[in-house]
Amino acid sequence: LYVVKTKKKREEGSIEGSKRKKKGKNRTKQRRRMANASAKKQSASNEKGIRQFLWISIGISIFHLLIRGWLRSEEFNGWNQLAFVSFCLFYGFAYFMINKVAKPQSQSSVESIYGGMIMEYLWDLIYISWFVSLTSCLSDKFYYLLLVIPCYAIFKLSSLFYKNIGNSSNQSMPTSSEDEKSKRKRR
């Protein structure tokens, strides 16, 4: 009687086990579908952002060229032409970097073109360059705003440097609680 009951339990357990395996496979398939759907949405969002960036950059460059090159042609000298070409090269570089990030690494993972520390910094540079490109049509003094970029980079690097120096000096010196514990052990 005992043997019959254990065989029935094993059979029932194997049936339930196969049901669990099927449920697990279905859940895995469902998760993949959800990840693929999320990757497709992210990819569509990236493509929309890239198109917007491209058309805004082209529009600003044409506006700058029309205002500086046609209406204020007497002021479109060598430095202004160099600045215009530099902006166009920067826009090309930024477009290349954004496209590189927007390409999917695998089927189910696509990174956002707006996220991540480096991409956020790149977008900040793009916004500053758009602003300077538009406002430099009014006056050459707006080119000085580009000095904000290296100043900010120096500030971030120096704060990171000093933060690391502060951590290393704190680690080498024992704290007061460590001193108290060592004194108690000696007693």
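Visitor: What exactly am I supposed to notice about the overall build of the protein here?
Guide: Per the secondary structure count, the protein includes five helices and zero strands. Secondary structure of the protein in N-to-C order comes out as α-α-α-α-α. When burial is assessed residue by residue, the protein has 21% of its 187 residues classed as buried. Summed over its atoms, the accessible surface of the protein is roughly 14,800 Å², and 62% of this surface lies on carbon and sulfur atoms.

Visitor: Would you explain helix H2 (residues 78-102) in this entry?
Guide: Along an α-helix, residues three or four apart share an orientation, since each turn contains 3.6 residues. Helix length check: H2, at 25 residues, gives a terminal C-alpha distance of 36 Å against a target of 36 Å (1.5 Å per residue), a fit within 8%. Where H2 is concerned, the buried positions are Asn80, Ala83, Phe84, Phe87, Phe90, Tyr91, Ala94, Ile98, Val101 and Ala102.

Visitor: What's the story with the side chain of Ser61 in this structure? I'm lost.
Guide: Relative to the helices and strands, Ser61 is located in helix H1 (residues 2-71). A residue is classified by how much of its surface remains accessible, and Ser61, at 12% relative accessible area, is buried. Ignoring anything within four residues of it in the chain, the contact list for Ser61 reads Phe84, Cys88 and Tyr91.

Visitor: In this structure, what is going on with the layout of surface pockets? I would like to understand it.
Guide: Where empty space is left in the structure can be found by rolling a water-sized probe over the atoms. Roughly 300 Å³ of volume is contained in the largest pocket. Forming the boundary of the largest pocket are Met117, Ile118, Glu120, Tyr121, Asp124, Tyr152, Ala153 and Lys156. Contributing elements (two or more residues each) for the lining of the largest pocket: helix H3 (117-135) and helix H4 (148-172). Looking at the lining of the largest pocket residue by residue, the classes come out as five nonpolar, no polar and three charged.

Visitor: Before we go on, may I ask you to explain the nonpolar core in this structure?
Guide: When a protein is soluble and globular, its nonpolar side chains tend to lie buried together. If you look at the biggest cluster of nonpolar residues, it comprises 20 residues, and the most contacted ones within it are Phe53, Ile98, Leu122, Trp123 and Ile126. Broken down by secondary-structure element, the contributors of at least two residues to this core are H1, H2 and H3.

Visitor: Before we go on, may I ask you to explain the environment of Ile58 in this structure?
Guide: Structurally, Ile58 can be placed in helix H1. A sequence separation of 30 residues divides Ile58 from Cys88, and the C-alpha atoms of the two residues are 8.8 Å apart.

Visitor: Would you take a moment to explain the packing of aromatic side chains for this structure?
Guide: Given two aromatic rings, one states the distance between the centres and the angle between the planes to describe the pair. Tallied over the full model, the rule gives 11 aromatic pairs. Aromatic pair Phe53 and Tyr95: ring centres 6.3 Å apart, planes at 15°, arrangement stacked. One end of the pair, Phe53, is in helix H1; the other, Tyr95, is in helix H2, and 42 residues separate them in sequence. Judged by its relative accessible area of 28%, Tyr95 is partly exposed. Taking 6.4 Å as the distance between ring centres and 20° as the angle between the ring planes, the aromatic pair formed by Phe87 and Tyr91 counts as stacked.

Calculation rules
- Residues numbered from 1 in each chain as written.
- Predicted model: local features only at pLDDT ≥ 70, side-chain atom pairs only at ≥ 80, totals over all residues.
- Heavy atoms only, no water.
- Helix = DSSP H or I, 4+ residues; strand = E, 2+ residues; numbered from the N terminus.
- Buried < 20%, exposed > 50% of the residue type's maximum accessible area, 1.4 Å probe, protein only.
- Areas by Shrake-Rupley, 256 points an atom, 1.4 Å probe, with all protein chains shown as cover.
- Expected span 1.5 Å × (residues − 1).
- Contact = heavy atoms within 4.5 Å.
- 1 Å grid on protein atoms, 1.4 Å probe; cavity = no way out; pocket = protein on both sides within 12 Å on 5 of 7 lines; lining within 4 Å.
- Points joined across faces, edges and corners; volume = space filled by probe spheres on them.
- Nonpolar A, V, L, I, M, F, W, Y, C, P; charged D, E, K, R; others polar.
- Core = buried A, V, L, I, M, F, W, Y, C linked by side-chain atoms within 4.5 Å.
- Phe/Tyr/Trp six-rings, centres within 6.5 Å; stacked < 30°, edge-to-face > 60°.

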